[in-house]
Amino acid sequence: MKRPEKYSFPLLAGGLFAVALSWPALAVESAPNLSGQWGRTGLFRFEPPLSGAGPVTNISRFADTIERVGDYTNPILTAQSAEIVKQHGEAQLAGINFPDPRNQCRPEPPPFILALEFEVQIIQKKDQVLILYIYGHQIRRIRLNGTHPARLTPSWYGDSVGHYEGDTLVVDTVGVKTGPLSMVDIFGTPHSEALHLIERYRLIGGEAASKAVPTRRTPFGNEIDPDTRKDGLQVEFTVEDRGSFTMPWSARVTYRPLLGDWQEVVCAENNGIYSSYDSGRIPHADKPDF
């Protein structure tokens with residue numbers, strides 16, 4: 001496949017403006033071409049691994065809804081982590097939504113961001129790979145062929161270094177900051193500063209990708225390309241964190257090529273999103289105070 005010398009994408013806000021960025025073509029001819037817009041459907045879930053320990057799953061009465069009741073009996077969880085997941089699930093069953101990075105408009109660290117983002121854009125450069133996430137103007141920078149600093153200051157997205165292994169981009173991330181909303185999934189499963197994440201990005205056949213990602217629109221309205229002759233993108237990742245888990249565990253996320261413009265999707269306070277979960281707890285005024 002011939003790579004273009006430049007690649008541009010628009011950031012749109014109601015059609016009022018567009019910003020185009022361009023970058024040089026990949027200098028490493030052996031690197032797989034992962035660049036472009038990728039989309040997925042599904043409801044904030046990880047796909048199970050092909051084998052071995054997998055992520056916490058939803059045991060809600062309504063597993064295909066936003067109700068988030070994690071399986072706290074999953075053996076990957078320490079006793080403390082299991083109790084946290086259990087408490088979050090009990091709150092959901094009582095009709096009380098719990099805060100997370102998404103509904104509080106906070107940075108969404110990996111791997112949490114892998115479950116929540118339905119549209120991503122990958123930009124490959126000679127010395128780094130950029131991953132843009134459509135919700136909330138989030139971006140990750142992956143330095144290629146580098147090493148983690150000896151003294152690392154934790155940050156919300158951590159320190160990510162990557163390299164190519166044949167047809168795969170391998171990304172190693174450490175130093176993910178912790179806080180009151182630190183979690184790896186929508187069930188509130190916690191992580192510690194010991195979190196070590198390995199991601200493997202590779203192209204897979206379009207037919208295989210279509211089994212995981214149906215041909216329909218993403219939650220933000222863009223359409224998944226129905227042409228199954230085009231490759232999909234799969235991310236396999238492994239989480240190690242001795243502070244929160246009893247063992248390493250793995251999961252997958254699959255994307256297909258995305259049609260349409262790259263939109264600007266802003267995270268903003270919205271009481272309406274809580275309409276099904278204890279909306280009375282959201283501070284509000286019955287009449288204007290001015």
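Please read all numbers here as calculations on a predicted model, not as lab measurements.

The rules behind each value
Residues numbered from 1 in each chain as written. Predicted model: local features only at pLDDT ≥ 70, side-chain atom pairs only at ≥ 80, totals over all residues. Heavy atoms only, no water. Core = buried A, V, L, I, M, F, W, Y, C linked by side-chain atoms within 4.5 Å. Buried < 20%, exposed > 50% of the residue type's maximum accessible area, 1.4 Å probe, protein only. Helix = DSSP H or I, 4+ residues; strand = E, 2+ residues; numbered from the N terminus. Contact = heavy atoms within 4.5 Å. Pairing = 2+ DSSP bridges. Axes fitted to C-alpha atoms, helices over the stretch in contact; angles between N-to-C directions. Polar contact = N/O pair within 3.5 Å; in protein donor to acceptor, adjacent residues only side chain to side chain.

**What to know about the nonpolar core**
Line of reasoning, step 1. Within the largest apolar cluster, 41 residues are counted, with the highest numbers of intra-cluster contacts made by Phe46, Ile122, Ile131, Tyr201, Phe237, Trp249 and Tyr255.
Line of reasoning, step 2. Of all the elements, helix 2 (residues 112-116) adds the most residues to this core, at five residues.
Line of reasoning, step 3. Ignoring anything within four residues of it in the chain, the contact list for Ile131 reads Val120, Gln121, Ile122, Gln138, Ile139, Arg140, Ile142 and Tyr201.
Line of reasoning, step 4. Counting eight residues, the second-largest nonpolar core is a separate cluster that includes Ile123, Leu132, Tyr135 and Cys267.

**Points about the sheet that holds strand 3 (residues 128-133)**
Line of reasoning, step 1. Overall, mixed pairing links the nine strands, which are arranged 1-2-3-4-5-6-7-8-9 in a closed barrel. Here the strands of the sheet are splayed against their neighbours by 30° on average, with no regard to which way each runs.
Line of reasoning, step 2. Pairing of strand 4 (residues 138-144) with strand 5 (residues 159-165) involves three bridges; the strand directions are parallel. Looking at strand 5, one finds that Leu144 is bridged to Gly162.

**Notes on the environment of Asn103**
Line of reasoning, step 1. Looking at the secondary structure, you find Asn103 in the loop between helix 1 (79-93) and helix 2.
Line of reasoning, step 2. For the pair formed by Asn103 and Ala268, sequence separation is 165 residues and the distance between their alpha carbons is 8.9 Å.
Line of reasoning, step 3. At 3.1 Å, the side chain of Asn103 forms a polar contact with the side chain of Gln104.

**So, the side chain of Ser244**
Line of reasoning, step 1. Following the sequence through the fold, Ser244 ends up in the loop between strand 8 (232-240) and strand 9 (249-257).
Line of reasoning, step 2. Here Ser192 takes part through its backbone nitrogen, which lies 3.4 Å from a polar atom of the side chain of Ser244.
Line of reasoning, step 3. Leaving out residues up to four positions away in the same chain, Ser244 has contacts with Ile76, Leu77, Thr78, Ser81, Pro190, His191 and Ser192.

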